[in-house]
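Spelled out, the chains give:
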Amino acid sequence: MNAIEQAIATRRSVYALNRDLPLPPHEIVATIEHALRHAPSPFNSQSTRLLVLFGAEHEKLWDMTADALRAVVPTEVFAPTAEKIAGFRAAAGTVLFFEDRNVIKGLQERFPSYADTFPGSADQAGAMLQYALWTTFATQRIGANLQHYNPLIDSAVAQTWDIPANWHLRAQLVFGGIAAAPAEKALAPTAERLRVAGL
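Predicted model only: the values in this text are computed from it and were never measured.

**Looking at the nonpolar core**
Point 1. Grouped together as the largest cluster of nonpolar side chains are 24 residues, with contacts concentrated most on Leu61, Leu96, Val157 and Trp161.
Point 2. For this core, the secondary structure elements donating two or more residues are strand 2 (48-54), helix 3 (55-70), helix 4 (79-89), strand 3 (93-100) and strand 5 (167-178).
Point 3. Looking at this core, the element that brings in the most residues is helix 3, giving six residues.
Point 4. Setting aside its immediate chain neighbours within four residues, Val157 contacts Leu61, Met64, Leu96, Phe98, Asp162, Ile163 and Leu169.

This is the structure:
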């Protein structure tokens, strides 16, 4: 197994996170910037935008998420949700992923034959960046898990961090030190998931 294959196998959803990071924050930001610069995008559009939160700003995100969820989850069944959000809050930081709708609109205007495909391909580009960063974190012994509390928190996030109106929130990557290893992952047989033609 080469280094890239090993990194792919190492990447997991780690939920037991703490603030004991193996790298200083400025090196984590450099890792994030590297992934942002080099992840592919349709027509090299580079439409993904990021907001990285550490410390009190990270806690603020998960406090506002808990508040938003309290408004929609019945009180009598809220305890598991509160526990899950507390786990995210206990981590070291969060990367929020956005897509710039102005860039997507520009692509639609420049390439009208593909106009209907650009919102989906922008999401795919964002997902590739999420995966690239998540996998890189795994090689650095940084745990992470990917969340999607959008659109529930979109307005609060935009107001709190002065997010431009054309930035559309798509995902939240929670990261931190690994407090406990994740459970073994069940893998479906590839024979049921893979077809090959032409060999």
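Now that the structure is up, let's keep going.
**Things to note about the UniProt feature "domain: Nitroreductase" (unreviewed entry) in the protein**
Point 1. Here, UniProt's "domain: Nitroreductase" (unreviewed entry) annotation points to residues 8-176.
Point 2. End C-alpha to end C-alpha, residues 8-176 measures 19 Å, and it is 49% helix and 19% strand.

**Brief notes about the packing of aromatic side chains**
Point 1. The tally for this structure, following the rule as stated, stands at 10 aromatic pairs.
Point 2. Each ring, one from Trp62 and one from Phe88, has its centre 4.9 Å from the other, and the planes form 55°; the classification is tilted. Placement of the pair is Trp62 in helix 3 and Phe88 in helix 4, with a sequence separation of 26 residues. Assigned by exposure class, Trp62 and Phe88 land together as buried.

**Structural notes on the pairing of strand 3**
Point 1. Buried residues dominate strand 3, accounting for eight of its eight residues.
Point 2. Residues Gly93, Val95, Phe97 and Glu99 point to one face of strand 3 and Thr94, Leu96, Phe98 and Asp100 to the other, with burial holding for every one of them.
Point 3. For strand 2 and strand 3, the ladder comprises seven bridges, and the chain directions are antiparallel. Within strand 3, the residue paired with Leu50 across the bridge is Phe97.

**Topic: the pattern of salt bridges**
Point 1. This structure, assessed with the given rule, holds seven salt bridges.
Point 2. Put simply, Arg89 and Glu59 hold a salt bridge, and the shortest N to O gap is 3.4 Å. Of the two residues, Arg89 is situated in helix 4 and Glu59 in helix 3; the sequence distance between them amounts to 30 residues.
Point 3. Asp63 is the salt-bridge partner of Arg89, the closest N and O atoms lying 2.7 Å from each other. A residue pair is termed long-range when its members are at least 10 positions apart, and Arg89 in helix 4 and Asp63 in helix 3 qualify at 26 residues.
Point 4. Residue Arg89 is classed as partly exposed on the basis of its relative accessible area of 29%.
Point 5. Relative accessible area serves as the criterion here: at 34%, Asp63 is assigned to the partly exposed category.
Point 6. When salt bridges with common partners are traced through the structure, they connect Arg19, Glu59, Asp63 and Arg89 into a single cluster.

**Let's talk about a nonpolar patch on the surface**
Point 1. Nonpolar side chains collect at one region of the surface, where Ile4, Ile8 and Tyr131 lie side by side and expose about 310 Å² of accessible area between them.
Point 2. Here Ile8 shows up in helix 1 (residues 3-10).
Point 3. A relative accessible area of 42% means that Ile8 is categorised as partly exposed.

**Regarding the packing of helix 2 (residues 25-38) against helix 6 (residues 118-139)**
Point 1. At a minimum axis separation of 9 Å, helix 2 and helix 6 run at an interaxial angle of 145°. Note on packing geometry: the crossing formed by helix 2 with helix 6 is right-handed. Only Leu129, Leu133, Thr136 and Phe137 of helix 6 make contact with helix 2, whose side of the interface consists of Ile28, Thr31, Ile32, Ala35 and Leu36.
Point 2. Taken together, the residues that form the contact of helix 2 with helix 6 break down as seven nonpolar, two polar and no charged.

**As for the side chain of Ser47**
Point 1. Relative to the elements of secondary structure, Ser47 occurs in the loop between helix 2 and strand 2.
Point 2. There is a polar contact of 2.4 Å between the side chain of Ser47 and the side chain of Glu99.
Point 3. Those residues within four positions of Ser47 in sequence are excluded, and the remaining contacts are Phe98, Glu99, Asp100, Val103 and Ala122.

**Observations concerning helix 2**
Point 1. Between the first and last C-alpha of helix 2 there are 20 Å, a value that for 14 residues agrees with the 20 Å anticipated at 1.5 Å per step.
Point 2. Listing the buried residues of helix 2 in full gives Ile28, Thr31, Ile32 and Ala35. For helix 2, the buried positions fall inside an angular range of 95° around the axis, keeping them on one side. Set apart from the buried face of helix 2 by more than 90 degrees, the exposed residues are His26, His34, Arg37 and His38.
Point 3. Those residues of helix 2 that are buried are in contact with strand 2, strand 3, helix 6 and strand 5.

Conventions adopted
- Residues numbered from 1 in each chain as written.
- Predicted model: local features only at pLDDT ≥ 70, side-chain atom pairs only at ≥ 80, totals over all residues.
- Heavy atoms only, no water.
- Core = buried A, V, L, I, M, F, W, Y, C linked by side-chain atoms within 4.5 Å.
- Buried < 20%, exposed > 50% of the residue type's maximum accessible area, 1.4 Å probe, protein only.
- Helix = DSSP H or I, 4+ residues; strand = E, 2+ residues; numbered from the N terminus.
- Contact = heavy atoms within 4.5 Å.
- UniProt positions renumbered as here; feature names shortened; annotations may be inferred.
- Phe/Tyr/Trp six-rings, centres within 6.5 Å; stacked < 30°, edge-to-face > 60°.
- Pairing = 2+ DSSP bridges.
- Salt bridge = Lys/Arg side-chain N within 4 Å of Asp/Glu carboxyl O.
- Patch = residues over 30% accessible without salt bridge, like charges linked within 9 Å, V, L, I, M, F, W, Y side chains within 5 Å.
- Areas by Shrake-Rupley, 256 points an atom, 1.4 Å probe, with all protein chains shown as cover.
- Axes fitted to C-alpha atoms, helices over the stretch in contact; angles between N-to-C directions.
- Left-handed = near helix turned anticlockwise from the far one by under 90°.
- Nonpolar A, V, L, I, M, F, W, Y, C, P; charged D, E, K, R; others polar.
- Polar contact = N/O pair within 3.5 Å; in protein donor to acceptor, adjacent residues only side chain to side chain.
- Expected span 1.5 Å × (residues − 1).
- Arc of directions from axis to C-beta.

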